[in-house]
Amino acid sequence: MTNTPKYKFLDRDHPFFGKTWVRVVTVALPAGMAALEFALSSPGFGILFAAAAAWALWELFLRA
């Protein structure tokens, strides 16, 4: 049995997310898409994008 590292989709320790503005954009884009989808009367996609934004916010800013 090999001990392979576990990769995460949003890994706050990855060098890509080292800059604050990258983290903010990663949260803001799906949040903006959620607002657009709700404004265009598409609540299904709005919920999906809102969930993606909430997950990114949790993983990149709020998780201890």
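Everything discussed here concerns the structure shown above.
Residues numbered from 1 in each chain as written. Predicted model: local features only at pLDDT ≥ 70, side-chain atom pairs only at ≥ 80, totals over all residues. Heavy atoms only, no water.

Novice: Teacher, can you tell me more about the environment of A56 here?
Specialist: Looking at the element boundaries, A56 is found in helix α2 (residues 43-62). Its relative accessible area of 3% is what places A56 among the buried residues. A sequence separation of 26 residues divides A56 from P30, and the C-alpha atoms of the two residues are 8.9 Å apart. Ignoring sequence-local partners within four residues, the contact set of A56 consists of L10, T26, V27 and F61. (Helix = DSSP H or I, 4+ residues; strand = E, 2+ residues; numbered from the N terminus. Buried < 20%, exposed > 50% of the residue type's maximum accessible area, 1.4 Å probe, protein only. Contact = heavy atoms within 4.5 Å.)

Novice: Whenever I open this one, the side chain of E37 confuses me. Can you help?
Specialist: Note on placement: E37 falls in helix α1 (residues 20-39). Buried and without a salt bridge, E37 has R23 as its closest oppositely charged side chain, separated by 26 Å. In this view, E37 contacts S42, F45, G46 and F49; residues no more than four positions away in its chain are not counted. (Lys, Arg positive; Asp, Glu negative; His and termini not counted. Salt bridge = Lys/Arg side-chain N within 4 Å of Asp/Glu carboxyl O.)

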